[in-house]
Amino acid sequence: MKLNRFLAVVLALLAAVGAYAQSQTTGALTGTVTLGGSPLPGATVTISSPQLQGTRTEVTDTNGAYRFANIAPGDYTVRFEMESMQAVTRTVKVSLTSTSRADAEMRLSQVAESITVTASAPAVVETTEIQTNITQNLVEALPVNRTLLGAVNLAPGVTNNGPGGNTAISGGFAYDSTYYVDGAVVNEVLRGQPQNLFIEDAVQETTIQTGAISAEYGRFTGGVVTAVSKSGGNEFSGSLRDSINNAAWTAQGELKEARPDSKLVHTYEGTLGGYILRDRLWFFTAGRYFDFATQRFLGVTVGSKEAPIPYGATETETRMEFKLTGQITPRHTLVGSYFDIDRDQTNNNQGTPLELSYLDPERSLPNSFKTINYNGVITNNLLIEGLYAKQDFSFVNAGGVAGPPEVATNIRFQNNSDFRGGGTAFCGNCSGPEERNNANGKAKANYFLSTKGLGSHNIAGGYEYYEDMLKSDNHQSGSDYTVFTYAQDLYGVSGLTANDPKRGPNGELLASAVPGSALIIWFPIVQAAQGNSFKTQSLFLNDKWDMNEHFSFNLGVRYDQNKGKDNAGAKVADDSNISPRIGAIYDFFGNGRLRANASYSVYASKIANGNVGDAASPAGQPSYLYWVYGGDPLTDVTTPVLLKGLFDWFNSVGGTNNKDWLAGGGTAGIQTQIKGQLQSPSVREYNVGLGSQIGSNGFVRVDYQDREWSNFYAAEASTEIGTVFDPLAGADVDLNLITNSDDFTRRYKAFLVQGSYRLFNRLNLGGNYTYSTLRGNIEGESAGAGPGTSGGNNYFPEYTNYERNRPIGYLAADQRHKVRAYATYDLPTPIGSFNFSVLQRYDSGTPYSLTATINPRTFQKADGTIGTRPNPGYAFAPTTATYYISDRGAFRTDNISATDFGLNYNLPISRANLFFQGEVLNAFNRQGATSVNTSVTVVRQWDPFTMTPQECPAGTTSAKCLSMFPTGGIYRKGTSWGTPTTPTTGSSLLPGGTAGSLQLPRTYRFSFGVKF
């Protein structure tokens, strides 16, 4: 039925118009040829470029229009010819995934002469799409990271405010954008961020699409990023580069972190491209290598005055790329790419380690992709394209070694949940390597249709396939146990207070646990993973209709069908979506100088893997049971002694057979089930904009964007849903259902301005500004696990449906202002050429809230007596819930401003070109907090439905707080609340380095080499 509806929509679009689609590895060129202002049919248009094997020729149609589709991005020469007329030559840049335009006005002539004119404005003003094209030349000129994300973060509408600093686009979840390199999807399967599957000097250009995105692209609610690597040519070219960093070249931050040893870190890159057969077979290859040893430091415990404890870590990485571009015939081209990474690490860690035993001694992260792309010209009006790509990624020996609980159990200190100790997290030898792979393919046809009176149509339609796979036995430690400790008795077992972890006289870690302040959690894997599979099959139809010199329209439709099976082979997803993409452009003067655009789009995501799509699988997923510690107080003991004491008590009361101290848990695939079939989250989007060409050297474009999400991933648990018998727990447990829900809201609004101008042929100015708001009541993801479910109105409603549990406000990824402004200046001299650049960055602060973790079951009443909320029939009523004391997003981190300078020097020697690059980031060493401590201690529980808590001054003891407020709920901010607490470790530009809670201090970096 859904397919029939889709076909009906397709037929309706064919009767009208549709939206233009573009390839992940190519661009397009179109235009009109006129004589005396009227269309000129029959003119010959020939294009040539260093990026094109041979030349391509078209003849203008009855509307004087022509079109070249599926051509490699790059600089093109376009020659217009017709008998008895002056030839016209234009130069134009064709950008990746974009359509560029080159028009020509022919003149009668009896003299053989030609006219050469400059190019039109960038393609960004030619389309309804909100997009930014970043060439490698611009990346090389500016003081920015030369990575894929370094280019992406130059674009408007992009922030680094996702969980853990991940990149988010247009208010979307950080996991829900799509990244392509040479047509391969390079997203990491679980968290959705792009893998480093590129070599910087090999990237040709990158396009970031943030709104009004073509129907050719799907499986996202954020944006689309497309990068393409170089392809060789009819001339041999290459490069050798040494990029030099040093952690000591990063200035000390305001937190006065320990200074690392001064040590040069070299990253070597090389590229080589050329031809095997001129205009028939080109090759390109590249490599990158670094071997990095660094000094890191264990976390500093609360109140510690000891010097941070150093430890060594290493990372060795080799990247290799191979690419062939060949013409089977002059009308059929085949491109194949292969990319491979070998990456080995020692002493890696998850979170902030407090002791050496927690470090992962060694792990490997092999990663690769391969692609093959076919383009064929069947007739002058019909082109076809085919693509297949596959990415393989795995974790080898990632985690600890299997062992007994008192040795191989890791500890998480919940007063600072990032602090870790005990044994290493996860297990590297409990089962085979973890695999996270994907594959994508596409078949597309593009037809150019010209009609009398109704203009020309560029019609594209095709089929796309995508599949990702995760295979993992997710052992949480080498013992399958984890211990959580708290600095207070959360469960009312003893009323005692435990101490935060601290350092002993010899630097050893000392920890504490009192009754009620520790949880022993068992995570058994009851069934081995088979490997899951989540597939999206799509049909799309697009048409770009140039009706006349003033009006053009873009309409499109996409049909996505999602199916998924989990690691146990169970079918968990089967849904489909129809996504319209509609747009229109009005050219005020008919000459491209001023255009208005408007669009309406719907984007549907794929089914999220991991903690959503695979959450109900009994295979590979850890089941869990957790017990509240009820033994004797263990105070200021080493972690081996602490673990031994905890497990001695645990075994003495029956171990995993104990029911008296059991606080909850469930068997994977029993307690958590998927309700029906999962459906894809989606977002609807409205855009209006105005773009103007400024002379022949610049442009400016302004857009307004409005997005609203729906169909969120949610969890349900209620007395109506009931319980289910859990054989592992030996008792009934509450049934949790994963489903889709609109109990939540998420809304993004933005004004985006971007532009550039080249002045005097040497000075290049450009930049962008974003004003945006992101409001709602769902974060929907985490740094460690990626996408996840959120409890809505039907999740333990008797305990969580209070107003301050999920209020609407500013979400963590909200950022009011973002500015990227740059200038580059070329200065040729007799001793070589110089390029000077400056980049100004400004990011306004991001929101955080005053929240507390409360027990919604037990509280003190207004009269001072203890109240317990009646249990309406749950097996294990929730013991923790979030309470927003402030409005959501009521506080903001610092505004971050930085000025970066770059210097490029090039010295030509024969056919070679020696170069040097020097950069200083944050030259004026501005310091601002990018994240802050938000810890809150609940001194006395309160009823979240009826009571408002009272604040006790920070630093006041719990006893003092209780005496100050004899009745009612009490909370106390941590002594460091609202302040940055995590220092920079090394340099965040180096493997394993982090910028901590502050922006990166002043940092220097250099590179030099040769190009030929």
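Sheets are built from strands paired through backbone hydrogen bonds, the pairs being either parallel or antiparallel. Reading across from one edge, S42-S48-S45-S53 is the order of the four strands in this open sheet, with mixed pairing throughout. Whereas interior strands pair on both sides, the edge strands pair on one side only; in this sheet they are strand S42 (672-674) and strand S53 (790-795). With strand direction ignored, the average angle separating the axes of adjacent strands in the sheet is 40 degrees. Relative to S53, strand S45 (residues 712-717) runs parallel, the two sharing three bridges. Within S53, the residue paired with Ala715 across the bridge is Gly791.

Here we come to the confidence of the model for the chain. Mean pLDDT over the chain stands at 91; residues scoring 70 or higher make up 96%. Per-residue pLDDT stays below 50 along residues 1-21; that stretch engages in 56 contacts with residues further than four places along the chain or on separate chains.

If you walk across this open sheet you meet the three strands as S65-S67-S66, and the pairing is mixed. Strand pairing shows two members of the sheet lacking a second neighbour, strand S65 (936-940) and strand S66 (950-952), which therefore form its edges. Here the strands of the sheet are splayed against their neighbours by 35 degrees on average, with no regard to which way each runs. When S65 meets strand S67 (residues 970-973), the two strands line up antiparallel, connected through four bridges. Directly across from Val938, in S67, lies its bridge partner Tyr971.

What follows covers the state of the cysteines. Inspection of the entire model under this criterion finds two disulfides. Paired by a disulfide, Cys427 and Cys430 hold their sulfur atoms 1.9 Å apart. With the S-S bond torsion at 80 degrees, the cross-link from Cys427 to Cys430 turns out right-handed. The class of Cys427 is buried, set by a relative accessible area of 11%. Overall, Cys430 belongs to the partly exposed group, its relative accessible area being 29%. Disulfide pairing is shown between Cys952 and Cys961; the S-S distance is 2.1 Å. Judged by the sign of its S-S torsion, about -95 degrees, the cystine formed by Cys952 and Cys961 is left-handed. When sorted by exposure, Cys952 lands in the same class as Cys961, which is buried. Counting only the cysteines that take part in disulfides, in the order they occur along the chain, gives the pairing 1-2, 3-4.

This structure, assessed with the given rule, holds 38 aromatic pairs. Ring geometry for Trp545 against Phe553: centres 5.2 Å apart, planes inclined by 35 degrees, an arrangement best described as tilted. Residue classification places Trp545 among the buried residues on the basis of a relative accessible area of 14%. Judged by relative accessible area, Phe553 falls into the partly exposed class, the value being 23%. Centroid distance Tyr629 to Trp649: 5.2 Å. Interplanar angle 80 degrees. Geometry classified as edge-to-face. Of this pair, Tyr629 sits in the loop between strand S39 (624-628) and strand S40 (634-638) while Trp649 sits in helix H5 (residues 639-652), and the two are 20 residues apart along the sequence. Trp649 carries the same exposure label as Tyr629, and that label is buried. A connected cluster of aromatic rings, assembled from ring pairs, spans Tyr481, Trp522, Trp627, Phe647 and Phe650. Sitting over the face of the ring of Trp709, Arg746 holds its NZ or CZ atom 5.6 Å from the ring centroid. The ring of Trp977 has Lys973 lying over it, and the distance from NZ or CZ to the ring centre is 4.4 Å.

Conventions adopted
Residues numbered from 1 in each chain as written. Predicted model: local features only at pLDDT ≥ 70, side-chain atom pairs only at ≥ 80, totals over all residues. Heavy atoms only, no water. Pairing = 2+ DSSP bridges. Helix = DSSP H or I, 4+ residues; strand = E, 2+ residues; numbered from the N terminus. Axes fitted to C-alpha atoms, helices over the stretch in contact; angles between N-to-C directions. pLDDT = per-residue confidence, 0-100. Contact = heavy atoms within 4.5 Å. Disulfide = S-S within 2.5 Å. Buried < 20%, exposed > 50% of the residue type's maximum accessible area, 1.4 Å probe, protein only. Phe/Tyr/Trp six-rings, centres within 6.5 Å; stacked < 30°, edge-to-face > 60°. Lys NZ or Arg CZ within 6 Å of the ring centre and 35° of its normal.

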